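One-letter residues, chain by chain:
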Amino acid sequence: MVFAPTPLLTVTVEQPGDEPELHLHPGGQGVWQARMISSLGVPVVLCASIGGEIGQVLEPLLGSEGVDLRTVRRHSTNGGYVHDRRDGVRHEVVDVPGHPLTRHELDELYNLALGEGLRAPVSVLSGPNQPSLVPPDVYRRFAADLGDNGSRVVVDLSGEHLTAVLDSGVFFCKISHEELLRDGLARDDSAEELTGVLYDLHHAGAQTVLVSRADEPALALVDGEVFEVEMPRLQAADPRGAGDSMTAGVAAVVAVGGDIRTAIRTGAAAGALNVTRHGLGTGRLDSITGLVDRVRLVPAGSRPQERTTPDDLAHRVVER
């Protein structure tokens, strides 16, 4: 089950040829995660709120995503954005965040998602597109109610929403180093500092923790041991969405009974492949499966040094 309280309508203008193209898709963290889980062949229920003119367009788009859609009606409208990529670079034209959910709407969505989550082996709690739209305490209660009743809770949150779920305890937590720096949880992006944060998040309530580091190997704390997640390097068409795909890959493997190390390797492969595509949370199952064997979990501090061959040494001497 993926909890996606505030899905978005995304409009992107592109021009691969002589004429511009207009692309409309459902978006938001939870939608991208659910899309990737479905791409990995795992059935997924998406719980969301829908309302307003944007919601009227958004709902049928969500229904075509290959997920089992469950919705509650809201009086206010969903949010959305328009991006212009005609020159190959993403430019934001407008971003409409939407409005906070009312207490009644939150109660309805909570009951809906809780019922689905209690039937699912894994529940992914995705964040709202703006922190103010859904109170952190909703996430605290959600993590507690699901975790206490046997569901493994997977989160990709930051700020007060992360603090709230950690208070209740979660099975897996993914966060980026940029979010740690922004929220003051890390003083710098060094491996030593981020390793300390891994342990801090574990002691705060996360059983397994993964910190993504953009172009650097992610760091993962698994069963008390820290690993570097060495991922294949691929040319990026769009760097956005790698983290959501990584979280989705972890959730998908755990949901079908896979072990956490295989789950992390699969998540890393899904994230690496996603950046080669323009669609967020997309990827071919066979391609992701082919990349999994190229992902390695290397104990932190034990990375082998680069070996210098006699020919390399001779070449360097000649250059000098």
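The rules behind the values
- Residues numbered from 1 in each chain as written.
- Predicted model: local features only at pLDDT ≥ 70, side-chain atom pairs only at ≥ 80, totals over all residues.
- Heavy atoms only, no water.
- Helix = DSSP H or I, 4+ residues; strand = E, 2+ residues; numbered from the N terminus.
- Expected span 1.5 Å × (residues − 1).
- Buried < 20%, exposed > 50% of the residue type's maximum accessible area, 1.4 Å probe, protein only.
- Arc of directions from axis to C-beta.
- Contact = heavy atoms within 4.5 Å.
- 1 Å grid on protein atoms, 1.4 Å probe; cavity = no way out; pocket = protein on both sides within 12 Å on 5 of 7 lines; lining within 4 Å.
- Points joined across faces, edges and corners; volume = space filled by probe spheres on them.
- Nonpolar A, V, L, I, M, F, W, Y, C, P; charged D, E, K, R; others polar.
- Axes fitted to C-alpha atoms, helices over the stretch in contact; angles between N-to-C directions.
- Parallel < 35°, antiparallel > 145°, perpendicular 65-115°, else oblique.
- Left-handed = near helix turned anticlockwise from the far one by under 90°.

Draft legend 1. Representation of helix α7 (residues 191–204) within the structure. Along its 14 residues, α7 runs 20 Å from first to last C-alpha, staying within 8% of the 20 Å computed at 1.5 Å per residue. What α7 keeps buried is the set E193, L194, V197, L198 and L201. In an axial view of α7, the angular spread of the buried residues amounts to 150°, which keeps them on one side of the axis. Exposed positions of α7 whose direction lies more than 90 degrees from the buried face are E192 and H203. Elements in contact with the buried residues of α7: α5 (159–168), β10 (170–176), α6 (177–182), β11 (206–213), β12 (216–222) and β13 (225–230). At the C-terminal side of α7, G205 shows a positive phi close to 145°.

Draft legend 2. Highlighting empty space enclosed by the protein. Under the counting rule described, the total for this entry stands at one cavity of 30 Å³ or more. Here the largest cavity is characterised by a volume of approximately 50 Å³. Considering every element that reaches the lining of the largest cavity, the biggest residue donor is helix α1 (residues 29–39), with three residues. Per-class residue counts for the lining of the largest cavity are six nonpolar, seven polar and no charged.

Draft legend 3. Local environment of the packing of helix α4 (residues 136–147) against α5. At a minimum axis separation of 8 Å, α4 and α5 run at an interaxial angle of 25°. Here α5 runs roughly parallel to α4, going by the angle between their axes. Classified by chirality, the crossing of α5 by α4 is right-handed. Packed against α4, whose contacting residues are P136, Y139, R140, A143 and A144, the element α5 presents E160, H161, A164, V165 and S168 at the interface. Looking at the contact of α4 with α5 residue by residue, the classes come out as six nonpolar, two polar and two charged.

Purely geometric numbers; function is a separate question.
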